[in-house]
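# Commentary on secondary and tertiary structure
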Amino acid sequence: MTATGDRLPHSVAPHESDLAVRCAGLSKRFGYTLAVASVDLEVKSGSFVVLLGPSGCGKSTVLRLIAGFEVPDAGMVTIGGRLVVGVKSFVPPDRRWVGMVFQDGALFPHLTVAGNIAYGIRTSAERSSRVDELLDTVGLRGMGNRMPHELSGGEQQRVALARALAPRPTVVLLDEPFSSLDAGLRSRLRTEVRAILRQAGATAIFVTHDQDEALSLADEVAVMWQGRIVQRSTPQELYGSPASYEVAAFVGDANFLSGRADDGSVETELGILAATGAVTGTVHVLVRPEAVRVALDETSEIAVTDIEFFGHDRMYGVALPSGTRLKSRVAGESSIRPGDRVRLEITGPVITFPRASQ
Amino acid sequence: MLTLPAFTEGATITDPAPSRQQSLASRRSFAPDHGSLTVTPDLRISRPRIPLALAVPGTLVALAMLLPLTYLLLRAAGAGQEALSFLTSPRIAQLLWQTILLAGAVTLLAALLGVPLAWLTTRTDLPFRRFWSVLLVLPLAIPTYVGAFTLVAALGPRGLLQQALEGGFGIQRLPDIYGFGGATLALTLFTYPYILLTVRGAVLRLDPGFDQASRSLGAGPWITFLRVTIPLLRPSIAAGSLLVALYTLSDFGAVSLLQYDSFTRAIYLQYQGSLDRSIAAVLALVLVSLTGVILFAEAATRGRAKYYRSARSIESLPLYRLGRWVVPAVAFCAMTGLAALILPVAVLLYWFGRGLASSTVNFDSLWLPMISSASVSMLAAATALLAAIPVAILAVRHQGRFSATIERVAYASFALPGIVVALSLVFFGANFVPMLYQTLALLVFAYVVRFLPEAVGAVRSGLLQLNPRLEEVASGLGRRRHQVFLTITAPLIAPAALAGVTLVFMSAMKELPVTLLLSPIGFRTLATTTWNATAGGLYALAAPSALLLVILSAVFLPGLLTADRQAESEHVLDS
């Protein structure tokens, strides 16, 4: 399986000096588990890259390798063009100029908010003005004297971000920073954090297992699977043309049918569908739920099995005569009920993956 | 950064570089099939090493901890034929039997006291539960030799009871308090709180869900108790019993005062009385082997089941109703409290009063030992903390074979009874460092060797509670290792470190055999004053220092227990 970065328009190897972070052949083993397997990653200055993958796929380890908290078994990392780990060289974390934001904030509990933010600022002349500036940036003006335990979860994460930005690091690494917050706060905070990072002109690598987070935040998403980066692309491209069956299954809701593909079309139990990709032979056919339309049809053999209501839209579960189940996402009002017979219509071309790839 | 090439994480200390390369390469070939990961030797990353600032002090501490046992081994190996043939003599067999008998009896009786008391004070509607749960732990503040002293002073010849009876009834002799009975009684009364505390901790950590699940499945309270609660408590009962057994094996004061011939007393008598001190060394080694066997057996039979709370529930457990059992239950608690705490303290107060009245006791004879005790114990506590910090940091933050070895060695003195440490250092001091022999430096060193595990344990639990992300963030923000330690780690582990210091301080205050054998001539502490006066039958002279020891221990005890419990509960939540 190869990374598909070469599909990107900007994939022409960027000049080294434009890169905030470059990893090449990065590998790390824990015991007999290969946590990170030959990962290549380039992050351009000022960009926001999300490492997306299921838990245990090695994405946090990549972050810790970049920060210097773990030592790779092979490969190299440069930060701002400087080799920080590679053949016979290891720069300790305190000389790498990376900012870290962890899931739990990891604020120093014995220091005030201002003390936390000031911790990484070297020059004492700059300290208090920089702290005030950052408190403003993260919207916590006047809260410098609070202790961390007096802050809400969201406020704690904003302080953690301000603290990471304080020494003007080459890159900010965020390790699932919102996963311990509740859903509403999470989506508000991620928009804010995105804006703060953009305003600061910071480069960021963001690790998450939450696809919504990845799709909504990233300039570029790198999908990790079993220690490898299996796809790098823009969020739109990732959703529209996933590089593999696994990526397709992980990113967004997906229906899979089996079928036989032949030159731009694929034969499935729903009939012959238009397909992208030049695959022939036995394939997995990806049909996104929003590409499945349902309409009442008493003569059909397809039955609605369940309905999940989400407010803005609803998801129908339908059972094909063969027993295969599909999901269909439909916006707006509808009178369809469980047990009704429906006919299906597939809009747009479907995507096929060779079966052997599984 | 200063680094030490030999001490790479994950490699043994003596591992030469080429073989390490090989082992790395062979490990790679075990890779599950994730495609090809080829690593040419040229691409080897230079790994960050354990910093010298930790590796060097850690190694020195480990070597210091090994000194007593190593020297004892050398000494015994150099022993004459006579000493070696002594190993197979009936005397050894007799000592082994008497020591094991005492440890067995004390452990069994302590469990019979400790387990029901733990259950009564936590899970039942016992009246005044809080009062009992404090009162019944307090005997821990009475060192066993002080306890033995009160036993002798109350029940021994010319003791309180005999005097009273003699006056009224002309009775000249009481059943003998000396020997097996007295030693068992004293050790049981003052060690059962170890079992009470470990079991009570386990009861409080029990997930109410287990209990409720059992009840909802149709099991009554008794079936639930027998089939769910007791099996869940078994590890804690075993842990508490282990503490009591080890304590009994290493106890010197009580068995000596009560003249029961167990190993520690035999070692001391041999050391004092004989020309061939190698025999004492041989005896000490046999005792160490015995504690080693017990530790090993416990580790080997420890159940493999892990007990978790399934959630962070703070829901309180439903209490069992005692009903008509309430009277025997209260009587049981009251009798234990009376025998283990009230009577001993009353005896101490009585003799203290008599000493005051007859002006045998003046405050000079009390102040001097107290200042001596406190200052030497303070020195020991501070030194132990300094020695514990590198060991604990290595163990928690730099896991690997090197750190594990250091940590294990640092804990090894758990298996070394005080008399053994003392004896070995007496030999060592007299033969190799005569300028240190009979100095405070050697005494402090002996305390540190003996009580380092307590300090390491406290610092270690403090570090375990410290989120490692905090230190990572700090170094990511550009602070050097020592700066991170001073600005983040040290302030955050300070409470745990303080608990460790207090623990060592108290242990050193109470320590008898080490103080007895290693104190400079004329250096009198509370412990040695108590012991000498009791051994000489001067009860009024022994009482003040004994009373002071008990009061000091009692003052520090609650704080230590809370610190301990917090560390323990955190530890459980972490797992």
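Reading guide: rules and limits
Residues numbered from 1 in each chain as written. Chains lettered and ligands numbered in written order. Predicted model: local features only at pLDDT ≥ 70, side-chain atom pairs only at ≥ 80, totals over all residues. Heavy atoms only, no water. Helix = DSSP H or I, 4+ residues; strand = E, 2+ residues; numbered from the N terminus. Buried < 20%, exposed > 50% of the residue type's maximum accessible area, 1.4 Å probe, protein only. Contact = heavy atoms within 4.5 Å. Areas by Shrake-Rupley, 256 points an atom, 1.4 Å probe, with all protein chains shown as cover. Domains from an automatic or database assignment. Buried area = accessible area lost by both parts, 1.4 Å probe. Salt bridge = Lys/Arg side-chain N within 4 Å of Asp/Glu carboxyl O. Pairing = 2+ DSSP bridges. Axes fitted to C-alpha atoms, helices over the stretch in contact; angles between N-to-C directions. pLDDT = per-residue confidence, 0-100. Phe/Tyr/Trp six-rings, centres within 6.5 Å; stacked < 30°, edge-to-face > 60°. Lys NZ or Arg CZ within 6 Å of the ring centre and 35° of its normal. Core = buried A, V, L, I, M, F, W, Y, C linked by side-chain atoms within 4.5 Å. Expected span 1.5 Å × (residues − 1). Arc of directions from axis to C-beta. Right-handed = clockwise from strand over helix to strand, strands pointing away.

Summing up its helical and strand segments, chain B has 23 helices and zero strands in all. A buried classification covers 50% of the 575 residues belonging to chain B. Of the contacts made within chain B by residues no fewer than 6 positions apart, 83% connect residues no fewer than 24 positions apart. When the accessible surface of chain B is totalled, it reaches about 26600 Å², and 66% of it is carbon and sulfur.

Residue and element names in this part refer to chain B. By the assigned domains, chain B splits into domain 1 (1-43), domain 2 (51-68 + 360-568) and domain 3 (89-130 + 137-303 + 313-325). Spacing between the C-alpha centres of domain 2 and domain 3 amounts to 24 Å. With 32 residues of domain 2 at the contact, the number on the domain 3 side is 32 residues. Carbon and sulfur atoms supply 79% of the area buried between domain 2 and domain 3, which totals about 2800 Å² over both sides. Of all residues in domain 2, Ile419, Trp531 and Tyr539 give up the largest surface area on contact with domain 3, accounting jointly for 20% of the area buried on that side. Here domain 2 is connected to domain 3 by zero salt bridges.

In this section: the pattern of salt bridges. Pairs can form between side chains of opposite charge once their charged atoms are near each other. Residues and elements named next belong to chain B. What the rule picks out here adds up to 25 salt bridges over all chains. For Arg460, the salt bridge identified is with Glu407, shortest N-O distance 2.9 Å. Within this pair, whereas Arg460 is found in helix α18 (residues 440-465), its partner Glu407 is found in helix α16 (residues 401-411), the two being separated by 53 residues in sequence. With relative accessibility at 27%, the residue Arg460 sits in the partly exposed group. Residue class for Glu407 comes out buried when judged on its relative accessible area of 16%. We note a salt bridge from Glu511 to Arg450, for which the minimum N-O separation is 3.0 Å. Here Glu511 is found in the loop between α20 (481-510) and α21 (513-518), whereas its partner Arg450 is found in helix α18, with 61 residues between them in sequence. Across this residue pair, the class does not change: Glu511 and Arg450 are buried.

This part takes up the sheet that holds strand β19 (residues 325-331) of chain A. Residue and element names in this part refer to chain A. The five strands lie next to each other as β16-β20-β17-β18-β19, forming an open sheet whose pairing is antiparallel. With one partner strand each, in any of the chains shown, β16 (292-296) and β19 form the two edges of the open sheet. Direction aside, the axes of adjacent strands within the sheet are offset by 40° on average. Where strand β17 (residues 302-309) lies against strand β18 (residues 313-319), six bridges are found, and the strand directions are antiparallel. Considered in β18, the bridge of Ala303 is made with Ala319.

Below, the discussion takes up the confidence of the model for chain B. The predicted coordinates ought not to be read in detail in places where the model reports low pLDDT. Residues and elements named next belong to chain B. With 82% of its residues at a pLDDT of at least 70, chain B reaches an overall mean of 81. Low confidence marks residues 308-315, where pLDDT is under 50. Its contacts with residues over four positions away, or in another chain, come to 15 contacts. For residues 566-575, every residue scores under 50 in pLDDT, and the model assigns this stretch nine contacts once sequence neighbours within four places are set aside. Overall fold confidence for the complex sits at a pTM of 0.79, while the interface term, ipTM, reaches 0.80.

As a further point, take the packing of aromatic side chains. Residues and elements named next belong to chain B. Tallied over the entire structure, the rule returns 18 aromatic pairs over all chains. Taking 5.8 Å as the distance between ring centres and 40° as the angle between the ring planes, the aromatic pair formed by Tyr194 and Tyr247 counts as tilted. Of the two residues, Tyr194 sits in helix α8 (residues 180-205) while Tyr247 sits in helix α10 (residues 221-250), which places them 53 residues apart along the sequence. Taken together through their ring pairs, the aromatic side chains of Phe149, Tyr350, Trp351 and Tyr539 make up a single cluster. Above the plane of the ring of Phe427 lies Arg75, whose end atom (NZ or CZ) is 4.2 Å from the centre.

Residues and elements named next belong to chain B. One non-glycine residue, Gln259, lies in the positive phi region at around 55°. Topologically, Gln259 is positioned in the loop between α11 (253-257) and α12 (263-273). Positioned with a positive phi, Gln438 is a non-glycine residue whose angle comes to about 65°. On the secondary structure map, Gln438 appears in the loop between α17 (418-432) and α18. Accessibility expressed as a relative area gives 27% for Gln438, which makes it partly exposed.

What follows is about the side chain of Ser262 of chain B. Tracing the chain through its elements places Ser262 of chain B in the loop between α11 and α12. Exposure remark for Ser262 of chain B: the relative accessible area of 1% places this residue in the buried category.

Residue and element names in this part refer to chain A. Strand order in this open sheet of five strands is β2-β1-β4-β5-β6, and the pairing throughout is antiparallel. Across the chains shown, the open sheet's two edge strands, defined by having one partner strand only, are β2 (33-44) and β6 (89-90). Bridge count between strand β1 (residues 19-30) and strand β4 (residues 74-79): five bridges; the pairing is antiparallel. Pairing of Ser27 across the sheet is with Ala74, part of β4. Packed onto the sheet, helix α1 (residues 59-67) meets β1, β2 and β4 and runs at close to 115° relative to β1.

On to the nonpolar core. Among the nonpolar cores identified, the biggest contains 201 residues, and Ile66, Leu173 and Ile205 of chain A together with Phe149 and Leu517 of chain B are the most heavily contacted of them. The element best represented in this core is helix α15 (residues 364-397) of chain B, accounting for 15 residues. Counting only domains with at least three residues in this core, you end up with domain 2 (51-68 + 360-568) and domain 3 (89-130 + 137-303 + 313-325) of chain B. Every residue in contact with Phe149 of chain B, bar those within four places of it in the chain, is listed here: Leu257, Leu348, Thr534, Tyr539, Ala542, Ala543 and Ala546 of chain B. Counting 44 residues, the second-largest nonpolar core is a separate cluster that includes Ile117, Leu165, Ala214 and Val221 of chain A.

Before going further, it helps to examine the pairing of strand β13 (residues 265-268) of chain A. Residue and element names in this part refer to chain A. Only one face of β13 is covered, namely the face carrying Val266 and Thr268; the face carrying Ser265 and Glu267 is uncovered. Note: strand β12 (residues 255-262) against β13, three bridges, orientation antiparallel. Each residue of the ladder has a partner; that of Asp262, found in β13, is Ser265. Following β12, the chain reverses through two residues before pairing antiparallel with β13; Asp263 in that reversal takes a positive phi of roughly 50°. Inspection of the sheet shows β13 paired to strand β14 (residues 271-276) by four bridges, in the antiparallel sense. From the neighbouring strand, Val266 faces β14, where its bridge partner is Leu273. Turn length for the β13-β14 hairpin, with the two strands adjacent in sequence and antiparallel, is two residues.

Residue and element names in this part refer to chain A. Here helix α5 (residues 183-199) spans 25 Å end to end across 17 residues, near enough to the 24 Å set by a 1.5 Å rise per residue. When α5 is considered as a whole, its buried residues turn out to be Leu189, Arg190, Val193, Arg194, Ile196 and Leu197. Take α5 and look down its axis: the buried residues cluster within an arc of 165°, on one side only. Exposed residues pointing more than 90 degrees away from the buried face of α5 are listed as Arg188, Thr191, Arg198 and Gln199. Positive phi shows up at Gly201, right after α5, with a value of about 65°.

Time to look at the pairing of strand β9 (residues 204-208) of chain A. Residue and element names in this part refer to chain A. Most of β9 sits inside the fold, with five of its five residues counted as buried. Across the two faces of β9 the burial is the same, with Ala204, Phe206 and Thr208 and Ile205 and Val207 all buried. Bridge analysis of strand β3 (residues 48-52) against β9 gives five bridges, and the strand direction is parallel. Considered in β9, the bridge of Leu51 is made with Val207. Two strands pair when backbone bridges link them, and strand β8 (residues 171-175) and β9 are joined in this way by four bridges, in the parallel orientation. Its bridge partner lying in β9, Leu173 is registered against Ile205. Assessed by its sense of winding, the connection that carries the chain from β8 through α5 to β9 is right-handed.

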